[in-house]
Amino acid sequence: MIDERVIVAGFGGQGVMLMGQILSYAATQEDLNTAWIPSYGPETRGGTANCSVVISKARINSPVVSEPDTLIVLNQPSLDKFEKKLKKGGKLLVNKALVDTEKIRDDVELYAVDCNKIALDIGNLKVANMVMLGAYIAMTDMFEKEAIFAVFDQIFTGAKSKLIDMNKQALEAGIKAIEA
Amino acid sequence: MAKVLMKGNEAMALAAIKGGCDAFFGYPITPQNEIPEYLSYHMEKNDRVFVQAESEVAAINMVYGAGGAGARVLTSSSSPGIALKQEGISYLAGSEVPCVIINVMRGGPGLGGIQPAQSDYNQITRGGGNGDYRVLSFAPENLQEAVNIIKESFSLADYYRNPVMIAVDGLLGQMMEPIDLDEAPDFGPAKEKPWAADGSSGKRGSRNKIVSLHLDPYKLEEHNLNLKKKYDEMVDKEQRYETVEIDDAEIVFVAYGSMARIARSAVDTLRKEGVKVGMIRPISLWPFPQNAFEKLPKSVHTLLTLEMSLGQMHQDVRIVNNGRYKLDFYGRTGGVVPEPEEIVERVHKLLNKEDQS
């Protein structure tokens, strides 16, 4: 029974909103119920931003994620803010480049990926979010990579279609980082 | 049709186009800005009118004008912006001009904040405008329901010749959910409006006037009594609600919009514990669905109103309850969205009190 509640958090500009949206698009394609909620307000580039995603076979009642099954954090302030909310035994994916992994709770399943370095190796720091998305689908088995590729085709249209290849590469590199 | 993932504000805007909206007049305010943003592009693409007015007051008066000329008109705003539109809403109701208003509520009073709230229940159901008037108002709990009601609202506004308000909170406006835009039927194009001031008096041979001024008190009273007949018809025909697990319920929640969804989660948790809870979910705020309270099973002993306010709908629950059941209230305000656990805890407290008494 699929019933996944995720929080994605990072700096404004790291692409955390898009990561969450892509999960909801993929869920919609597979005819699952889903709700995506952004933090909205005075967030700016460089400030903190987060979104929550619920994906479920069942009807989604409260769409607010108070105790996530999975937490994805792309910077230290986001870890500080959300670490205690993560469910006991939940999955935690962190950006190793910007997060101190030394003092993290030991009752969670930790995955640390240097998405910044991987993205730079691919050629653009901006795809670090898609590296993390790849890592996420590999560690949770929520979606096949083809499902995410289909979302890329759906949302990167027109002038943005040239971004598809690099995002695919980033997604695959993220999957590899977990499976390796 | 396959479901599409859309942001609430955009989905509601598209639903308005599907519902036959001819013209939109609005002024920006968070958290509903994606409505005018979406319509600024898509209304023109669909050969319709979009105007960003210079203020909320201007926008509602443009609605008055275009609606008076017979167009299907929409405006949208959020709490303090709706406050500014109240005078216009009273005029629209008084001169029987249909329109649709989307209100994406945020915290108040005053400028308040921009996070989700339900603290404008009184403003919506009582109105801030003057006079004996009512606004038909609906509060959907998810985007599919919002889309369905918005499509229908244009024909409802035309039928009653009255403003219709769709009230959601910032959470629904900002969130994304999959929706089927064709789930609700097509309610059809506007019927002929022989009352409209549409400039065709030459052909018709008589002049139509849109007025709310009646200086003769007897004429005005007659007008008000005619309006009352419409409002009575709405009370008769437009009470909408859903009941959730009330068959053997002892405690019944009363909650609408986002709060109802959060309450559903609490119902699930409490039912698993063996606590017999259920819910009445008002969908129409005005008319308040008093019929829902007439059919409750004998097992019920307490109504627990849940709101993202300090207890505005609770006053209507009190009126409808008329002393029958014990009443309790729980709410968060100022833009704080409660967690289901808070409701569960409130019910535990209620049960403990009973054990002691």
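Bear in mind that the values here come from a model prediction, so they are computed numbers and not experimental data.

**Description of the packing of helix α10 (residues 257–272) of chain B against helix α12 (residues 340–356) of chain B**
Residues and elements named next belong to chain B.
- Interaxial distance between α10 and α12 falls to 8 Å at its minimum, and their mutual angle equals 55 degrees. In terms of orientation, α10 lies oblique with respect to α12. Every pair of crossing elements has a handedness; the one defined by α10 and α12 is right-handed. The residues of α12 that touch α10, namely those facing Met-259, Ile-262, Ala-263, Ser-265, Ala-266, Thr-269 and Leu-270, are Pro-340, Ile-343, Val-344, Val-347 and His-348.
- Within the contact of α10 with α12, the residues separate by chemical class into nine nonpolar, three polar and no charged.

**Quick word on a negative patch on the surface**
- On the surface, a cluster of negative charge is made up of Glu-30, Asp-141, Glu-144, Glu-146 and Glu-179 of chain A.
- Structurally, Glu-146 of chain A is set in helix α5 (residues 145–155).

**Structural notes on the pairing of strand β13 (residues 302–307) of chain B**
Residues and elements named next belong to chain B.
- When you tally the buried positions in β13, you get six out of six residues, the bulk of the element.
- Because side chains alternate across β13, one face comprises the buried residues Thr-302, Leu-304 and Leu-306, and the other comprises Leu-303, Thr-305 and Glu-307, equally buried.
- Taken together, the four bridges between strand β10 (residues 251–254) and β13 define a ladder with parallel strand orientation. Each residue of the ladder has a partner; that of Val-254, found in β13, is Thr-305.
- When β13 meets strand β14 (residues 326–331), the two strands line up parallel, connected through six bridges. Bridge pairing in β14 places Thr-305 opposite Phe-329.
- Regarding the hand of the β-α-β motif, the stretch spanning β13, helix α11 (residues 313–321) and β14 is right-handed.

**A word on the sheet that holds strand β4 (residues 73–77) of chain B**
Residue and element names in this part refer to chain B.
- Strand order across the open sheet formed by seven strands is β3-β2-β4-β5-β7-β6-β12, with mixed pairing between neighbours. Looking at strand neighbours, the two that pair on one side only are β3 (49–52) and β12 (284–286), the edges of this open sheet. For this sheet the average axis-to-axis angle between neighbouring strands, irrespective of direction, equals 20 degrees.
- For β4 and strand β5 (residues 99–105), the ladder comprises four bridges, and the chain directions are parallel. When the sheet's bridge partners are listed, Thr-75 is paired in β5 with Ile-101.

**Overview of the interface of chain B and chain A**
- On the side of chain A, 19 residues touch chain B, which itself brings 27 residues to the contact.
- Both sides together, the interface formed by chain B and chain A hides about 1,900 Å², and carbon and sulfur atoms give 61% of it.
- At the junction of chain B and chain A, the tally comes to one salt bridge.
- Linking chain B to chain A there are nine residue pairs in polar contact (both at pLDDT 80 or more).
- If you list the elements that add at least two residues to the side of chain B that touches chain A, you get β1 (4–7), α7 (170–174), β8 (176–179), α10 and α12 of chain B.
- At five residues, the largest contribution of residues to the side of chain B that touches chain A is made by α10 of chain B.
- Across the side of chain B that touches chain A, the residue classes tally to twelve nonpolar, six polar and nine charged.

**Here we look at helix α3 (residues 56–68) of chain B**
Residue and element names in this part refer to chain B.
- Over its 13 residues, α3 extends 18 Å from the first C-alpha to the last, a length consistent with the 18 Å expected when each residue adds 1.5 Å.
- Turning to α3, its buried residues number three or more, namely Glu-56, Ala-58, Ala-59, Ile-60, Val-63, Tyr-64, Ala-66, Gly-67 and Gly-68.
- Summarising the contacts, the buried residues of α3 are in contact with β2 (23–26), β4, α4 (79–94) and β5.
- Where α3 begins, the capping side chain belongs to Ser-55, and its oxygen is found 3.4 Å from the backbone nitrogen of Val-57.
- One or two residues past the end of α3 sits Gly-70, with phi positive at roughly 105 degrees.

**Some remarks on the domain arrangement of chain B**
Residue and element names in this part refer to chain B.
- Segmentation of chain B into domains returns domain 1 (4–237) and domain 2 (241–356).
- A separation of 29 Å is found between the C-alpha centroids of domain 1 and domain 2.
- Taken together, the 32 residues of domain 1 in the interface contact 28 residues of domain 2.
- Between domain 1 and domain 2, roughly 2,500 Å² of surface is buried when both sides are summed, and carbon and sulfur atoms account for 52% of that area.
- Summed over the three residues of domain 1 that lose the most area to domain 2, namely Gln-118, Tyr-121 and Glu-141, the buried surface amounts to 33% of that side.
- The interface formed by domain 1 and domain 2 holds five salt bridges in total.
- A salt bridge links Arg-264 to Glu-141; the nearest nitrogen and oxygen atoms lie 2.7 Å apart.
- For the pair domain 1 and domain 2, the number of links is 16 residue pairs in polar contact (both at pLDDT 80 or more).

**A closer look at unusual backbone geometry**
All names here are of chain B.
- Backbone torsion omega between Gly-108 and Pro-109 reads 0 degrees, so that peptide bond is classified as cis.
- Here Pro-109 shows up in the loop between β5 and α5 (121–126).
- Note that the residue after Trp-286, namely Pro-287, is joined by a cis bond; omega there is 0 degrees.
- Mapped onto the elements of the fold, Pro-287 is located in the loop between β12 and β13.
- Here Glu-96, not a glycine, exhibits a phi torsion of approximately 55 degrees, which is positive.
- If you trace the backbone, Glu-96 turns up in the loop between α4 and β5.

**A short note on the pattern of salt bridges**
- Applying the stated criterion across every chain, the model contains 27 salt bridges over all chains.
- The closest approach of N and O atoms between Asp-100 of chain A and Lys-103 of chain A, which form a salt bridge, is 3.9 Å.
- A relative accessible area of 34% means that Asp-100 of chain A is categorised as partly exposed.
- The partner of Asp-182 of chain B in a salt bridge is Lys-18 of chain B, with the nearest N and O atoms 3.4 Å apart. Pair noted here: Asp-182 of chain B is in the loop between β8 and α8 (201–204) and Lys-18 of chain B is in helix α1 (residues 8–18), with a separation of 164 residues, a long-range link.
- Taking relative accessible area as the criterion, Lys-18 of chain B reaches 38% and is therefore assigned partly exposed.
- Residues joined in a network through salt bridges with shared partners are Arg-59 of chain A together with Glu-141, Glu-145, Glu-242, Arg-264 and Arg-281 of chain B.

Conventions we followed
Residues numbered from 1 in each chain as written. Chains lettered and ligands numbered in written order. Predicted model: local features only at pLDDT ≥ 70, side-chain atom pairs only at ≥ 80, totals over all residues. Heavy atoms only, no water. Axes fitted to C-alpha atoms, helices over the stretch in contact; angles between N-to-C directions. Helix = DSSP H or I, 4+ residues; strand = E, 2+ residues; numbered from the N terminus. Parallel < 35°, antiparallel > 145°, perpendicular 65-115°, else oblique. Left-handed = near helix turned anticlockwise from the far one by under 90°. Contact = heavy atoms within 4.5 Å. Nonpolar A, V, L, I, M, F, W, Y, C, P; charged D, E, K, R; others polar. Patch = residues over 30% accessible without salt bridge, like charges linked within 9 Å, V, L, I, M, F, W, Y side chains within 5 Å. Areas by Shrake-Rupley, 256 points an atom, 1.4 Å probe, with all protein chains shown as cover. Salt bridge = Lys/Arg side-chain N within 4 Å of Asp/Glu carboxyl O. Lys, Arg positive; Asp, Glu negative; His and termini not counted. Charge placed at Lys NZ, Arg CZ, Asp CG, Glu CD. Buried < 20%, exposed > 50% of the residue type's maximum accessible area, 1.4 Å probe, protein only. Pairing = 2+ DSSP bridges. Right-handed = clockwise from strand over helix to strand, strands pointing away. Buried area = accessible area lost by both parts, 1.4 Å probe. Polar contact = N/O pair within 3.5 Å; in protein donor to acceptor, adjacent residues only side chain to side chain. Expected span 1.5 Å × (residues − 1). Domains from an automatic or database assignment.

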